[in-house]
Number of protein chains: 2
Amino acid sequence: MKRFLPQVEAALERWVPPETADPATIHKAMRYSLFGGGKRIRPVLAMEAAAAVRDETPGIAEAACTLELIHTYSLIHDDLPDMDNDDYRRGRLTCHKVFGGAMAILAGDALCTLAFEILASLPHASDQVRARLVVEVAQAAGTKGGMIAGQVHDIEGEGQPPTAERLELIHRAKTGALLRCSVRMGAIYAGASPEELAALTAYGEHTGLAFQIVDDILDIEASSEELGKTAGKDAAQQKITFPAVYGLDRSKKMAEDERVAAWEALSIFGARGGPLRDIADLIVRRKT
Amino acid sequence: MKRFLPQVEAALERWVPPETADPATIHKAMRYSLFGGGKRIRPVLAMEAAAAVRDETPGIAEAACTLELIHTYSLIHDDLPDMDNDDYRRGRLTCHKVFGGAMAILAGDALCTLAFEILASLPHASDQVRARLVVEVAQAAGTKGGMIAGQVHDIEGEGQPPTAERLELIHRAKTGALLRCSVRMGAIYAGASPEELAALTAYGEHTGLAFQIVDDILDIEASSEELGKTAGKDAAQQKITFPAVYGLDRSKKMAEDERVAAWEALSIFGARGGPLRDIADLIVRRKT
């Protein structure tokens, strides 16, 4: 899980303008949220997927780091008073609490825009791969089953009866689409065969679902201190979550089933799938 | 100015999901702001620039319409209570007044994301042109001298002494970068020579500056009814504007100088530059 982290951090450091670059405030706000203790799960998934396909994929870290830009922009906007109104994230004050609402809106916009600029100018990729990755990420982040669609369903679901259909609608889009895209990005960058791409896509879907189920469980079982954000908010906001629909025990069983399905999807990779299997295990067993 | 409008509207209609597409609310919010009476200056500039270079550029409207998505997203976010807090835009309630703050934030995010998805999948362009246009638009909309940089300077300039340096910093970025990019997009799409691209870039810079000077003048001279938005807001918010720095008379002279410079930049195009000259004239002489 950790072997590619230094490359991800270096790529982010290289592409995000320094705090001294004019206008300084926006770059400070972008960096505050970006270097705020994220686990870099999406970039790591992209790089491990690429490594499952091919030994050498120069420049993959540049592509992978854009997933963290998209994820961070969505968190900054999600935390705004008009959205989830969160004061803490990863144990620190949220972007708008430190820089104000206007700068938080613009910092999110800027991270989103920068992600596409980087993808379209990847130094070691062909124009075909650049354009394809822009489309993949834009669709995973967009309104047609992507991240923004999930956020809308999430907002509109508050206070609605927690049904299995509504739950799937929210989570397949809200977190699932970008996690799926992360694995696909690595596969596409590495020139995966159609079979390899399909297997990794299935892995990404199962892992993404496991991730969200565990997230919902931790919101109930972990403390705010452990999570670095306000625990118990889902219930307070009447969010539609896995425990709300299926109960805690069944949710834990479902997470384990998804972990097993993720492992099975990797069978064609043999030993090369080891690191991705470890990630699926870690996602289900994490405590924060 | 108007000959390409039907193609721009058709491209927007084709690429933006219908109001019935799930999740309906976000698509309604996106369309509400997008089809709210905009003048489509940026797409028209792109298409006229392409037409100055080459007779036939199939699919240019698809590329050009993305400029309107970026422009509209920036207006939606600019109007939010945390930013300029405007209730009216183009004579109608602003997006957040109709759909709420959360949906307005997401609608802006979605329009931005969709713009890059379209550019990277332009049906009639090569992957090279697709990737290059994503980079052009992302840079024009970003924090390194682009639109977001201008918005930051604008916010931070409120209440500061109105100096010529601060004014140039704001407007070159806030509106200038995307207008310049519009003309460059058309030139690049049409395969312009380096000389043609340089000439059209200069035209875009002069026209963009003229546009902003006139915008600042109209905020003083026109009524709210004529503008479709609150007039006199610049002075009320102590914004740094051309009239604030140079006075009204000198500002009018400057707009006229920029119009003449825009004309001169087009000299290598001869008669083919006619429509672009007309646009420069219209921009300076408009009353709203």
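Residues numbered from 1 in each chain as written. Chains lettered and ligands numbered in written order. Predicted model: local features only at pLDDT ≥ 70, side-chain atom pairs only at ≥ 80, totals over all residues.

Caption draft 1: Quick look at the overall build of chain A. Regarding its fold elements, chain A presents 15 helices and 2 strands. Relative to the globule expectation of 19 Å for 288 residues, the C-alpha radius of gyration of chain A, 18 Å, shows essentially globular dimensions. With respect to the principal axes defined by its C-alpha atoms, chain A has extents near 50 × 45 × 30 Å. Each of the 288 residues in chain A was classed as buried or not, and the buried ones make up 56%. (Helix = DSSP H or I, 4+ residues; strand = E, 2+ residues; numbered from the N terminus. Rg over C-alpha atoms; globule rule 2.2 N^0.38 Å. Buried ≥ 20, exposed ≤ 12 C-beta atoms within 10 Å, placed from the backbone.)

Caption draft 2: Structural detail: the interface of chain A and chain B. Every contact between the two is made by 41 residues of chain A and, on the other side, 41 residues of chain B. When residues of the side of chain A that touches chain B are assigned to their parent elements, the largest contribution, 12 residues, is made by helix α6 (residues 101-120) of chain A. Here the residues of the side of chain A that touches chain B are counted per class, giving 22 nonpolar, 12 polar and 7 charged. (Contact = placed C-beta atoms within 7 Å. Nonpolar A, V, L, I, M, F, W, Y, C, P; charged D, E, K, R; others polar.)

Caption draft 3: The arrangement of the environment of A:L197 in detail. Residue and element names in this part refer to chain A. Looking at where L197 falls in the secondary structure, it is placed in helix α10 (residues 194-221). On the basis of neighbour counts, which here come to 18 C-beta atoms within 10 Å, the residue L197 falls in the partly exposed class. L197 has contacts with R184, A187 and A192, leaving out every residue within four places of it along the chain.

Caption draft 4: Just the environment of B:G204, in detail. All names here are of chain B. Along the chain, G204 turns up in helix α10 (residues 194-221). On the neighbour-count criterion, G204 (28 C-beta atoms within 10 Å) is buried. As a C-alpha pair, G204 and A138 span 66 residues in sequence and 17 Å in three-dimensional space. Once residues lying within four places of it in the same chain are set aside, the contact partners of G204 are L179, R180, S182, V183 and R184.

Caption draft 5: Local environment of the relation of the copies chain A and chain B. Under the fitted operation, chain A is carried onto chain B by 0.0 Å of movement along the axis and a turn of 180°, and the coordinates agree to an RMSD of 0.0 Å. Taken together, the rotation and translation relating the two chain copies correspond to the operation of a two-fold axis. Interface overlap between copies is the fraction of interface residues in one copy that are interface residues in the other; for chain A against chain B it reaches 100%, indicating a shared surface. (Least-squares fit on C-alpha atoms with pLDDT ≥ 70 in both.)

Caption draft 6: Focus on the confidence of the model for chain A. Confidence in the prediction of chain A, expressed as mean pLDDT, is 94, and 99% of residues score 70 or more. With a pTM of 0.96, the predicted complex shows an ipTM of 0.96. (pLDDT = per-residue confidence, 0-100.)

Caption draft 7: Geometry of helix α8 (residues 147-157) of chain A. Among the 11 residues that make up α8(A), 9 are buried, leaving the element largely enclosed by the rest of the structure. On its buried face, α8(A) is in contact with α4 (60-79), α7 (127-141) and α9 (164-189) of chain A together with α2 (24-34) and α6 (101-120) of chain B. Looking at the residues trailing α8(A), positive phi occurs at A:G159, about 85°.

Caption draft 8: Looking closely at the packing of helix α2 (residues 24-34) of chain A against α6(A). Residues and elements named next belong to chain A. Put simply, α2 and α6 touch, their axes get as near as 9 Å, and they point 75° apart. Put simply, α2 runs roughly perpendicular to α6. On α6, the residues touching T25, I26, A29, M30 and S33 of α2 are M103, A104, L106, A107, A110 and L111. Residues that form the contact of α2 with α6 fall into these classes: 9 nonpolar, 2 polar and no charged. (Axes fitted to C-alpha atoms, helices over the stretch in contact; angles between N-to-C directions. Parallel < 35°, antiparallel > 145°, perpendicular 65-115°, else oblique.)

Caption draft 9: Quick peek at helix α1 (residues 5-15) of chain B. All names here are of chain B. Along α1, the positions that sit buried rather than exposed are V8, A11 and L12. Around the axis of α1, the buried residues are gathered within 100° of arc, so they sit on the same side. Opposite the buried face of α1, by more than 90 degrees, sit the exposed residues P6 and R14. On its buried side, α1 packs onto α2, α3 (41-53) and α4 (60-79). (Arc of directions from axis to C-beta.)

Caption draft 10: Main features of unusual backbone geometry. All names here are of chain A. D22 connects to P23 through a cis peptide bond whose omega is -5°. Position of P23 relative to the elements: it lies in the loop between α1 (5-15) and α2. Within the chain, N85 stands out as a residue other than glycine whose phi angle is a positive 55°. Checked against the element boundaries, N85 lands in the loop between α4 and β1 (88-89). Positioned with a positive phi, R90 is a non-glycine residue whose angle comes to about 50°. Locating R90 in the fold gives a position in the loop between β1 and β2 (92-93).

Caption draft 11: The packing of α4(B) against helix α9 (residues 164-189) of chain B, seen in detail. All names here are of chain B. Contact geometry for α4 and α9: axes closest at 10 Å, N-to-C directions at 165°. Considering the angle they form, α4 stands roughly antiparallel to α9. Regarding α4 and α9, the two cross each other, and that crossing is right-handed. Across the interface between the two elements, I60, A63, A64, L67, I70 and H71 from α4 touch L178, S182, M185, G186 and Y189 from α9. The class makeup of the residues in the contact of α4 with α9 is 8 nonpolar, 3 polar and no charged. (Left-handed = near helix turned anticlockwise from the far one by under 90°.)

Caption draft 12: Seen up close, the environment of A:I118. All names here are of chain A. Examined against the element boundaries, I118 turns out to sit in helix α6. Of the residues examined, I118 has 25 C-beta atoms within 10 Å and is grouped as buried. As a C-alpha pair, I118 and E62 span 56 residues in sequence and 7.4 Å in three-dimensional space. When neighbours within four sequence positions are excluded, I118 is seen to be in contact with W15, E62 and T66.

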